[in-house]
Amino acid sequence: MRIDVLSIFPEYLAPLELSLIGKAMTEGVLELSVTDPRSYATDRHRTVDDTPYGGGAGMVMKPEPWAQALESVTAASPSSGQPALVVPSPAGEVFTQEIAYELAEQEHLVFACGRYEGIDERFIEWASDHAVVRPMSLGDYVLNGGEVAVLAMVEAVTRLIPGVIGNPESLAEESHTGGLLEYPVYTKPAVWRERAIPDTLLSGHHGHIARWRRDQQLHRTAQRRPDMIEQLDPAELNTADLSILSEHGFRVINGSLQVCAPDPEDGGGH
Ligand code: 6GU
């Protein structure tokens, strides 16, 4: 995979050379480079931003240096089709594990990190003739620029490329892959500061351990992310699953899981 990041603060992306991503680059699985649109600014001060038309606070990135930076990386694209152009923005579609899997399939990913109030909208329109544009947000909060978001998205995507993560099984089991959060994990010692690990994990009974872990996933997800429970397909849940969820007030109604008042018969206590 080739990744190009367009940023007027290229030093911000330096952490990408560390750890697994750096290793993937050394091994040739991943090629990553950062281009500074400022190097395409033509005036004496290398201006990349200006005041917004219509007034208002902040500065807007000028389109021309960004277009030239994008042209320079698409000209060298390894991909036969159009590259994907991710534009980090709090006004984008929310980035999810599913999107990370989609982007991991791409031959060429380009990230255009706007700063300040964003990039002139005509750059985004023009870019759609050269790339598949995807405005993307990390979540409902505001960062100063796209660079930190790109660090997160590049890490989420590149770890899914075959050969980047040591143990592919750890991908299958992790949070968000099966629609549930991960179960809690423990290591030695079995008793630490008077806290013992759950007995089931010492039983050696694989069936019981699997059921205990599934219960923990359901309890955790129902407590922390009830929105994820509502997205589950009840046809894929067994009676033990449904019984756990009923403790959190979830019932199957018209083929989907919905919260009702918790059933006092179910005990609760989680
Ligand atoms: Cl992708 N960019 C900015 N500037 N703020 C954000 C974001 C992205 N995602 C959440 N907040």
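Residues numbered from 1 in each chain as written. Predicted model: local features only at pLDDT ≥ 70, side-chain atom pairs only at ≥ 80, totals over all residues. Heavy atoms only, no water.

S.K.: In this structure, what is going on with the nonpolar core? I would like to understand it.
M.R.: Ile3, Phe95, Leu109, Phe111, Val154 and Val157 are the most contacted members of the largest nonpolar core, which totals 31 residues. Mapped onto this core, the elements with two or more residues apiece are strand E1 (2-6), helix H1 (19-27), strand E5 (84-94), helix H3 (97-104), strand E6 (108-112) and helix H5 (147-158). It is H5 that contributes the most residues to this core, six residues altogether. In this structure, Leu109 is in contact with Met1, Arg2, Ile3, Asp4, Ala84, Leu103 and Val157, ignoring residues within four places of it in sequence. (Core = buried A, V, L, I, M, F, W, Y, C linked by side-chain atoms within 4.5 Å. Buried < 20%, exposed > 50% of the residue type's maximum accessible area, 1.4 Å probe, protein only. Helix = DSSP H or I, 4+ residues; strand = E, 2+ residues; numbered from the N terminus. Contact = heavy atoms within 4.5 Å.)

S.K.: Whenever I open this one, the side chain of Asp215 confuses me. Can you help?
M.R.: For Asp215, the position within the fold is in helix H7 (residues 206-224). A distance of 2.7 Å separates polar atoms of two side chains, one belonging to Asp215 and the other to Arg211. (Polar contact = N/O pair within 3.5 Å; in protein donor to acceptor, adjacent residues only side chain to side chain.)

S.K.: I tried to follow the packing of aromatic side chains on my own but got confused; where do I start?
M.R.: What describes a pair of aromatic rings is the distance from one ring centre to the other and the angle between the planes of the rings. With the rule as written, the count across this model stands at two aromatic pairs. On the basis of an interplanar angle of 35° and a centroid distance of 6.1 Å, the ring pair of Phe123 and Trp126 is categorised as tilted. Pair noted here: Phe123 and Trp126 are both in helix H4 (residues 121-127), with a separation of three residues, about one helical turn. Judged by its relative accessible area of 1%, Phe123 is buried. (Phe/Tyr/Trp six-rings, centres within 6.5 Å; stacked < 30°, edge-to-face > 60°.)

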